[in-house]
Amino acid sequence: MTVETDGGDPTVTAATAEPGAANDAEEALIEEGEIAGDYLEQLLDVLDFDGDIDLDVEGDRAIVSIDGGKDLDKLVGRRGEVLDALQELTRLAVQQATGIRSRLMLDVAGWRAARRSELSALGAEAGKRVLESGEREALSPMTPFERKIVHDAVAAIDGVVSESEGVEPNRHVVVLPA
């Protein structure tokens, strides 16, 4: 199987017909997580921040979480901007070590998990409002990660659809009657 990033770069390649291919893909993701964990551990040491690093594999990506430190909010920043930058730096460190573009997801102090819940609720509420009113509703600008969560929440509601409009950084979700 080939897993692709948003830009179309291959991330993990394994033939599904080969025995153990799924196992090989999971091992590659575990390796990504370990490389990312080592990189982040060094960064926390340099910054003199405390935090526990947790590695996991969810679907087709490595998930790395940093929790437990008192200063971790500084690694999230305003609206997750520092977290997004840190995630990209970590992906680049993994790519440098493996030669393969990483799709790993980084969460710090549970910020991304909480944001996911907020955005899912926002998408569901907007979908219900559009279903009742029959009027389209434009939401505020969001990152691609945030828009995907809203699109998924809207897709779970029969009778409404969503699409993205605009140009970055003002690209936003619009919820429409189906």
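Residues numbered from 1 in each chain as written. Predicted model: local features only at pLDDT ≥ 70, side-chain atom pairs only at ≥ 80, totals over all residues. Heavy atoms only, no water.

**Student:** Whenever I open this one, helix 2 (residues 81–98) confuses me. Can you help?
**Tutor:** An α-helical segment advances 3.6 residues per turn. Residues three or four places apart therefore align on the same side. The end-to-end C-alpha separation of helix 2 is 26 Å, in line with the 26 Å expected for 18 residues at 1.5 Å each. Restricting attention to buried positions, one finds in helix 2 the residues Leu83, Leu86, Gln87, Thr90, Arg91, Ala93 and Val94. Burial along helix 2 is one-sided: seen end-on, the buried residues are contained in an arc of 160°. Those residues of helix 2 hidden inside the fold are in contact with helix 1 (21–47), strand 4 (61–67), strand 5 (105–108) and helix 3 (111–133). Gly99 occupies a position one or two residues after helix 2 and carries a positive phi of about 80°. (Helix = DSSP H or I, 4+ residues; strand = E, 2+ residues; numbered from the N terminus. Expected span 1.5 Å × (residues − 1). Buried < 20%, exposed > 50% of the residue type's maximum accessible area, 1.4 Å probe, protein only. Arc of directions from axis to C-beta. Contact = heavy atoms within 4.5 Å.)

**Student:** Please clarify how the sheet that holds strand 6 (residues 137–141) should be interpreted in this entry.
**Tutor:** Neighbouring strands of a sheet are bound in pairs by backbone hydrogen bonds; such pairs are parallel or else antiparallel. Judged by pairing direction, the sheet is antiparallel, and its three strands sit side by side in the order 6-8-7 without closing on themselves. On the outer flanks of this sheet lie strand 6 and strand 7 (160–165), each paired with one strand and no other. When the angles between neighbouring strand axes are averaged without regard to direction, this sheet yields 20°. Where strand 6 meets strand 8 (residues 172–177), three bridges bridge the pair, whose relative direction is antiparallel. (Pairing = 2+ DSSP bridges. Axes fitted to C-alpha atoms, helices over the stretch in contact; angles between N-to-C directions.)

**Student:** Any chance you could explain the pattern of salt bridges here in plain terms?
**Tutor:** Pairing of side chains with opposite charge becomes possible as their charged atoms draw close. Scanning the entire structure with this criterion turns up 10 salt bridges. Note that Glu81 is salt-bridged to Arg78, the shortest N-O span being 3.3 Å. Connected through salt bridges with shared partners, the residues Arg115, Glu118 and Glu146 form a single ionic network. (Salt bridge = Lys/Arg side-chain N within 4 Å of Asp/Glu carboxyl O.)

**Student:** Honestly, the packing of helix 1 against helix 2 in this entry has me stumped. Any pointers?
**Tutor:** The geometry of a pair of packed helices is captured by two quantities: the angle between their axes and the separation between those axes. As a packed pair, helix 1 and helix 2 sit with axes 9 Å apart at the nearest point and diverge in direction by 120°. One element, helix 1, and the other, helix 2, form an angle in the oblique class. As for how helix 1 packs across helix 2, the hand of that crossing is right-handed. Across from Glu31, Glu32, Ile35, Ala36, Tyr39, Leu40 and Leu43 in helix 1, the residues of helix 2 making contact are Leu86, Leu89, Thr90, Ala93, Val94, Ala97 and Thr98. Looking at the contact of helix 1 with helix 2 residue by residue, the classes come out as 10 nonpolar, two polar and two charged. (Parallel < 35°, antiparallel > 145°, perpendicular 65-115°, else oblique. Left-handed = near helix turned anticlockwise from the far one by under 90°. Nonpolar A, V, L, I, M, F, W, Y, C, P; charged D, E, K, R; others polar.)

**Student:** What should I look at first to understand helix 1 in this one?
**Tutor:** With 27 residues, helix 1 should reach 39 Å at 1.5 Å per residue; the first-to-last C-alpha distance of 39 Å fits that figure. Taken together, the buried positions of helix 1 are occupied by Ala21, Ala25, Leu29, Glu32, Gly33, Ile35, Ala36, Gly37, Leu40 and Leu44.

**Student:** I tried to follow the nonpolar core on my own but got confused; where do I start?
**Tutor:** In summary, soluble globular proteins display a tendency toward joint burial of nonpolar side chains. Grouped together as the largest cluster of nonpolar side chains are 17 residues, with contacts concentrated most on Ile66, Leu75, Leu104, Leu106 and Val108. Mapped onto this core, the elements with two or more residues apiece are helix 1, strand 4, helix 2 and strand 5. No other element matches helix 1, which puts four residues into this core. Listed in part, the 12 residues of the second largest apolar core include Leu119, Leu139, Ile157 and Val175. (Core = buried A, V, L, I, M, F, W, Y, C linked by side-chain atoms within 4.5 Å.)

**Student:** Explain the packing of aromatic side chains to me, please; I cannot follow it from the model alone.
**Tutor:** The geometry of an aromatic ring pair comes down to the distance between the two centres and the angle between the two planes. The final tally for this structure, using the stated rule, is zero aromatic pairs. The residue whose ring lies beneath Arg112 is Phe145, and the NZ or CZ to ring-centre distance is 5.0 Å. (Phe/Tyr/Trp six-rings, centres within 6.5 Å; stacked < 30°, edge-to-face > 60°. Lys NZ or Arg CZ within 6 Å of the ring centre and 35° of its normal.)

Treat this as a map of the structure, not an account of what it does.
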